Amino acid sequence: MQSAVYAAVGQLVGAGQRDTMTIPEVADLAGVNPTSIYRRWGSIDALLGEVAVAALTQGEPLPDTGVLRDDIAEWASVIAADVGRPKRRAYLRAMVAARDDVVEACPCWEVRREQAEEMIARASERGEATPSVRQLLDHVIAPLYHHAVFGLAVDDAYVAELVDDVVAMLGAAPGSAGGR
């Protein structure tokens, strides 16, 4: 049922119906009973949020190049390429639109935080200087999401600037091998 519902939401979002879709429409397209969707997700906003998180964080292997700067650059490039795609932008906008108040946690953000923690821990074990998890999220990932939501460029040049900024926070020259 979950994959059919996710696919139906994807079709509706792709057709530009993100703001107007209803649970009965999703259920009809997915071939499931609306009651099942209400019971599992409760609201269209909760469903949109879950589908967006799944779409925005699925199946990306976490880079492990042996150098933190390169790991960050590769990770950010994969994320930028993904959120730069029109359908992914629509999911990201849907996730933002589903939030009508300040929230304590965002599942998509939690996935990115866990990934950043893992990358930083590996680099620390190698003896590299590392940014904090918050620096990495606030100065690389958040700007990528911001640019995607507002339709701004999320190209390789922008990714390189963000990575250089984080590396510079470590006292290293941009383009160096990781701020040692």
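Residues numbered from 1 in each chain as written. Predicted model: local features only at pLDDT ≥ 70, side-chain atom pairs only at ≥ 80, totals over all residues. Heavy atoms only, no water.

J.: Explanation requested: the overall build of the protein chain in the structure shown.
T.: Looking only at helices and strands, the protein chain has 9 helices and 0 strands in total. For the protein chain, the α and β elements follow one another from N to C terminus as α-α-α-α-α-α-α-α-α. A total of 180 residues make up the protein chain; the buried ones form 44% of that total. Sequence separation of at least 24 residues holds for 65% of the intrachain contacts in the protein chain that already meet a minimum separation of 6. Counting only carbon and sulfur atoms, one obtains 51% of the accessible surface of the protein chain, whose full area is about 8800 Å². (Helix = DSSP H or I, 4+ residues; strand = E, 2+ residues; numbered from the N terminus. Buried < 20%, exposed > 50% of the residue type's maximum accessible area, 1.4 Å probe, protein only. Contact = heavy atoms within 4.5 Å. Areas by Shrake-Rupley, 256 points an atom, 1.4 Å probe, with all protein chains shown as cover.)

J.: Help me understand a negative patch on the surface, please; the structure alone is not making it clear to me.
T.: Side chains of Asp155, Asp156, Glu161 and Asp165 sit close together on the surface and give a patch of like negative charge. With respect to the helices and strands, the residue Glu161 is situated in helix H9 (residues 156–169). (Patch = residues over 30% accessible without salt bridge, like charges linked within 9 Å, V, L, I, M, F, W, Y side chains within 5 Å. Salt bridge = Lys/Arg side-chain N within 4 Å of Asp/Glu carboxyl O. Lys, Arg positive; Asp, Glu negative; His and termini not counted. Charge placed at Lys NZ, Arg CZ, Asp CG, Glu CD.)

J.: How should I be thinking about the UniProt feature "DNA-binding region" (unreviewed entry) in the protein chain in this particular structure?
T.: Under the feature "DNA-binding region" (unreviewed entry), the UniProt entry names residues 22–41. Secondary structure across residues 22–41 divides into 80% helix and 0% strand, with the first and last C-alpha atoms of the span separated by 12 Å. (UniProt positions renumbered as here; feature names shortened; annotations may be inferred.)

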